[in-house]
Amino acid sequence: MTKYIKFLLLFLLAGIMLDASAQSTATTSSPYSRYGIGDLNPGVLPQNMAMGGIATAIDRINGYSQVNPLNPASYSAIGLTTIDVGLYASIFSLNQTGQTSQRDANFRLSHLAFGIPISRGSALAFGLMPYSEVGYNYTRTLNRGFNSTPASPADTNLTNLSYRGEGGLSKAFLGYGFTIARNLKLGANISYIFGNLKQLNITEFPNLYGVLNSRDEKSYSVGGVNYDYGAQYQWNLSLTRRIIFGYSAQAQSALNSQKSHIVSHYRTDGSGNESLPTDSIINIQGAKTKLQLPNVHHFGISYQRDQKFLVGVDYTMGNWSALTIDGANAGMSNSKTLNLGGQITPNANSINSYWATVDYRAGLILDQTYFNVNNVTGGGQTNIKSYAATFGFGLPLRAVNGTSFYKINLAAEIGRRGTLTNGLVQENYFKIRIGFTLNDRWFQRYKFD
């Protein structure tokens, strides 16, 4: 009973931390998170992320039960009570032509997920993970003069445009997966997506004292229900070899939102100190609005030889051009993502070599993101693309009494997003995810003679 209480406390603590991260603390450092609802979380656990993020056609991995929220049909393969908790860290290097490179690092709890078998071939799952993240802080300095020479420190034509944002959305999900035929599995999640999205845009004239500067503050407090559903079909080639075809989708849904929007003017003195706002051009508090999420479709196929190897491919299409915030189209692009990856285990039953029992994982991610950004150097827009390589390990720990199985999952992602053309920002990033998976036999009644 003590361990159950510990895990309950851990769940509550995770909820507090994720709620705080969604509402007040920036957990990414990307200027592209300014657009739409921010950086989208891939929605997979470290063991899947190490294999390039493949998950649509994955149920068990090397015999271990896992919670795979990307396709709730996979829950039907959960044979033992499963707990998965993890951490996430990232390092961003931001580069722009003519600007000094900027580095930043972030750290947070990444997920907490539970899976409980209900019967043979069905299971319940629930958990909490990020849905999107917002975090940026950068300034552009413009010379409004008629000459093209570099601006001097005293140039009265200088204009500073500052952009800041923080927050994000979290996803609490409850799902059920079941087998309806010998090889066909179905499942669905009902989720509650919640959090805050905050943006601040400032226009200042640093060398024109007494001139009115402007501040535009906008925030949305979001909360609403969303649905996911999925299916998997398993084609058994032998007792140990199988091919799985998978499909899952996020349904279109409208989340409730409360909007606050304040636009004000202020002055600064010679030391840069701000005066109290002189007026408020716009002052909206607590207005009820909607945030419309689009359909997202996932397709996948995997081939697995039990306790030997697994390979798979995922393809995702998101109709993000239909994203609307506060009744207005957000101007995003439809996204397309290709995930490729797999793992190999030299000898899962080895007694003499621990490293032979380790899962070695690797993969690739090719992503046409939903970010559609205005070019800085001229008219038009650029769709932002990203490329990443992933690798990682599944480190098994010694089983306890033959009923409890543990594994530490490590995943690293090295990638690049954006471009240096058109005055835009190129991001080089390194992300690491650490997950701890427990498989145990709970809720079992023992009989004694």
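Conventions adopted
Residues numbered from 1 in each chain as written. Predicted model: local features only at pLDDT ≥ 70, side-chain atom pairs only at ≥ 80, totals over all residues. Heavy atoms only, no water. Helix = DSSP H or I, 4+ residues; strand = E, 2+ residues; numbered from the N terminus. Polar contact = N/O pair within 3.5 Å; in protein donor to acceptor, adjacent residues only side chain to side chain. Contact = heavy atoms within 4.5 Å. Salt bridge = Lys/Arg side-chain N within 4 Å of Asp/Glu carboxyl O. Buried < 20%, exposed > 50% of the residue type's maximum accessible area, 1.4 Å probe, protein only. 1 Å grid on protein atoms, 1.4 Å probe; cavity = no way out; pocket = protein on both sides within 12 Å on 5 of 7 lines; lining within 4 Å. Points joined across faces, edges and corners; volume = space filled by probe spheres on them. Nonpolar A, V, L, I, M, F, W, Y, C, P; charged D, E, K, R; others polar.

### Examining the side chain of Thr 419
Right, so step 1: Residue placement: Thr 419 occurs in the loop between β18 (404–418) and β19 (426–440).
Right, so step 2: At 2.9 Å, the side chain of Thr 419 and the side chain of Thr 421 are in polar contact.
Right, so step 3: Contacts of Thr 419, omitting those with residues within four sequence positions, involve Tyr 32, Thr 382, Leu 424, Val 425 and Gln 426.

### Observations concerning the pattern of salt bridges
When the charged atoms of two side chains lie near each other, side chains of opposite charge can form a pair.
Right, so step 1: Tallied over the full model, the rule gives 11 salt bridges.
Right, so step 2: One salt bridge connects Arg 108 with Glu 133, and the closest N-O pair in it is separated by 2.5 Å. A residue pair is termed long-range when its members are at least 10 positions apart, and Arg 108 in strand β3 (residues 102–119) and Glu 133 in strand β4 (residues 122–143) qualify at 25 residues.
Right, so step 3: Ionic pairing is found between Asp 326 and Lys 259, a salt bridge with its closest N-O pair at 2.6 Å. Note that Asp 326 is positioned in the loop between β13 (324–325) and β14 (328–329) and Lys 259 in strand β9 (residues 253–266), a separation of 67 residues in sequence.
Right, so step 4: Classification of Asp 326 as partly exposed rests on a relative accessible area of 27%.
Right, so step 5: Looking at Lys 259, the relative accessible area reads 12%, which means it is buried.

### Let's talk about the layout of surface pockets
Right, so step 1: Of the voids in this model, the largest pocket is the one considered here, and its volume is about 1500 Å³.
Right, so step 2: If you go around the largest pocket, you meet 50 residues; those closest to its centre are Pro 31, Arg 34, Tyr 35, Tyr 138 and Tyr 163.
Right, so step 3: Residue assignment for the lining of the largest pocket shows that the elements contributing at least two residues are β2 (81–95), β3, β4, β6 (184–204), β7 (213–236), β14 and β16 (359–374).
Right, so step 4: Top contributing element to the lining of the largest pocket by residue count: β4, with eight residues.
Right, so step 5: By residue class, the composition of the lining of the largest pocket is 21 nonpolar, 21 polar and eight charged.

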